[in-house]
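Summary of the model geometry
The residues making up each chain are set out below.
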Amino acid sequence: MKNRTNFHKINFRRAMKSLLLGSACLLAAIQPGQALDTLAREAYLIDYTTKTVLLDKNGDQSMPPASMSKIMTAYMVFERLKDGRLSLDDKLAVSEKAWRKGGSKMFVEVGNQVSIHDLLRGIIVQSGNDACIVVAEGLGGSEENFAAEMTTKGREIGLENSSFVNATGWPDPNQRMTAKDLATLADRIITDFPEYYDVYSEKSFTWAGITQGNRNPLLYKNIGSDGLKTGHTEEAGYGLTASAVQGDRRIILVVNGLSSLKERAEESERLVSWAFREFDNFNLFKAGEVVETADVWLGKEESIDLVPQEDLLLTLPRNAKNSMKATVNYLGPIQTPIEKGERLATLRIEAADIEPVEIPLVAANSVERQGGFGRIMSALNYLVFGKS
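Note that the coordinates shown come from a computational prediction; the quantities given were computed from them, not determined experimentally. (Residues numbered from 1 in each chain as written. Predicted model: local features only at pLDDT ≥ 70, side-chain atom pairs only at ≥ 80, totals over all residues. Heavy atoms only, no water.)

1. Looking at the packing of aromatic side chains
For any pair of aromatic rings, the description rests on two quantities: the centre-to-centre distance and the angle between the ring planes. Scanning all chains against the criterion turns up six aromatic pairs. Ring plane angle 75° and centroid distance 6.4 Å describe the contact between Phe 78 and Tyr 200, whose orientation is recorded as edge-to-face. Taken together, the residues span a long stretch of sequence, with Phe 78 in helix 2 (residues 70–83) and Tyr 200 in the loop between helix 7 (179–192) and strand 7 (204–207) at a distance of 122 residues. Considered together, Phe 78 and Tyr 200 belong to a single accessibility category, that of buried residues. Ring centres of Tyr 197 and Tyr 200 lie 5.7 Å apart, and the angle between their planes is 35°; this geometry places the pair in the tilted category. Assigned by exposure class, Tyr 197 and Tyr 200 land together as buried. By way of ring pairs, the aromatic residues Tyr 75, Phe 78, Phe 193, Tyr 196, Tyr 197 and Tyr 200 are connected into one cluster. One cation-aromatic arrangement involves Arg 250 over Tyr 48; the distance from NZ or CZ to the ring centre is 5.9 Å. (Phe/Tyr/Trp six-rings, centres within 6.5 Å; stacked < 30°, edge-to-face > 60°. Helix = DSSP H or I, 4+ residues; strand = E, 2+ residues; numbered from the N terminus. Buried < 20%, exposed > 50% of the residue type's maximum accessible area, 1.4 Å probe, protein only. Lys NZ or Arg CZ within 6 Å of the ring centre and 35° of its normal.)

Below is the structure:
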């Protein structure tokens, strides 16, 4: 018996019949062609569900994150709340260092005790540097220790190129992140702490008789934004880490290095709108749905169904489905024995303006090898009729 490589085209009219998101998905991170530029010095835009990168401009470039660092400060608090080491009613003391800190402020008073509930809003809504230091000193013993913990935790959750020396984002040559890391951090905040995430959508907070509005400009636009955090220093320029939801889709955007508040607001809105307008998520195959049936060699069954192990969900340009094509590649007839779940083939998907993506296909069930007499008869059948 001579193996042959098989290429089978798939009927995408059938595959596209269901466009609803599944609960468990094989997330194919297709990289679309770079169809858009941006005024931002750094920009990174992803689909939250599939992790597909829709825009990457200097996404791995080390940069000053300014107050977007505070997302990591909040992450440290959320983690302690979730594992029970901390409660929203716990109070932390305000030191003179926190009270004296310049820049954006919550306006806490030295010697006062402030609850975690209020400090989180001081950090997230008001971008208070003083609130960050209260948290850092109260939870880490000192801001320096807390910043070291931030760096360590960052590595644990996938921030590959981030280092922290303070909890505020105050300018320092060693306070560095990348746009990609900020997108990863936003993803983790949304995924790990859904019970606390809604703080990011609060538009104002009042403390000490002073009401301050959330600096995130997208919260005031009708585009589904619900977080996260702005940043600005002279070196960093104007930046924003944002997320927005429309229908069943969520996107995460990071921009930095913009020249003004107006440019940050306009450019961020433009990029979010572009992501929702130009792309969509398509559920091509359900987990266990038969993509192809392959001949089997010397098995107790003549064929085996090839299936994906999970729902196959792709983020694609909306017009890509018109040019989409797929082939299944495997070496056949497939030798027995075959174990259920064994990888047997590759589904290759191609469309205009995207890089091809390859998805593993596995055996839908096990197939035992025939006994000696059965193998002889199958071999003869193959020689005479060309069937296994």
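2. What to know about the nonpolar core
Ranked by size, the top nonpolar core spans 58 residues in total, and within it Met 72, Phe 78, Leu 119, Leu 185, Ile 189 and Tyr 200 carry the most contacts. Going through the elements one at a time, strand 3 (42–47), helix 2, helix 4 (116–124), helix 5 (129–140), helix 6 (143–156), helix 7 and strand 11 (249–258) are the ones with two or more residues in this core. Among the elements that make up this core, the one with the highest residue count is helix 2 (eight residues). Those residues in contact with Tyr 200 that sit more than four places away from it in its chain are Ile 71, Ala 74, Phe 78, Ile 124, Ile 189, Asn 214, Leu 219, Asp 226, Gly 227 and Leu 228. One finds Leu 284, Val 291, Leu 316 and Val 367 within the second-largest nonpolar core, a separate group that totals 29 residues. (Core = buried A, V, L, I, M, F, W, Y, C linked by side-chain atoms within 4.5 Å. Contact = heavy atoms within 4.5 Å.)

3. Side note on the confidence of the model for the chain
Should pLDDT be low for a region, the predicted coordinates there are not to be read in detail. Of all residues in the chain, 86% attain a pLDDT of 70 or more, and the chain-wide mean is 89. Here residues 11–30 is modelled with pLDDT under 50, and outside its nearest four sequence neighbours on either side it reaches 62 contacts, counting other chains as well. (pLDDT = per-residue confidence, 0-100.)

4. Re unusual backbone geometry
With an omega of 15°, the peptide bond between Gly 227 and Leu 228 qualifies as cis. Here Leu 228 lies in strand 9 (residues 225–233). One non-glycine residue, Phe 107, lies in positive phi territory at about 70°. Within the element layout of this structure, Phe 107 appears in the loop between helix 3 (96–100) and strand 6 (113–115). The phi dihedral of Ala 208 falls on the positive side, at around 55°, and the residue is not glycine. Inspection of the secondary structure puts Ala 208 in the loop between strand 7 and strand 8 (210–213).

5. Here's the deal with the sheet that holds strand 11
The antiparallel open sheet is built from five strands, whose spatial order is 4-3-11-10-9. The outermost strands of the open sheet, each flanked by one partner alone, are strand 4 (53–57) and strand 9. Averaged over all neighbouring strand pairs, the angle between strand axes comes to 5°, with direction disregarded. With eight bridges connecting them, strand 10 (residues 237–246) and strand 11 associate as antiparallel partners. Directly across from Tyr 238, in strand 11, lies its bridge partner Leu 258. With respect to the sheet, helix 7 is in contact with strand 3, strand 9, strand 10 and strand 11, its orientation differing from that of strand 11 by roughly 145°. (Pairing = 2+ DSSP bridges. Axes fitted to C-alpha atoms, helices over the stretch in contact; angles between N-to-C directions.)

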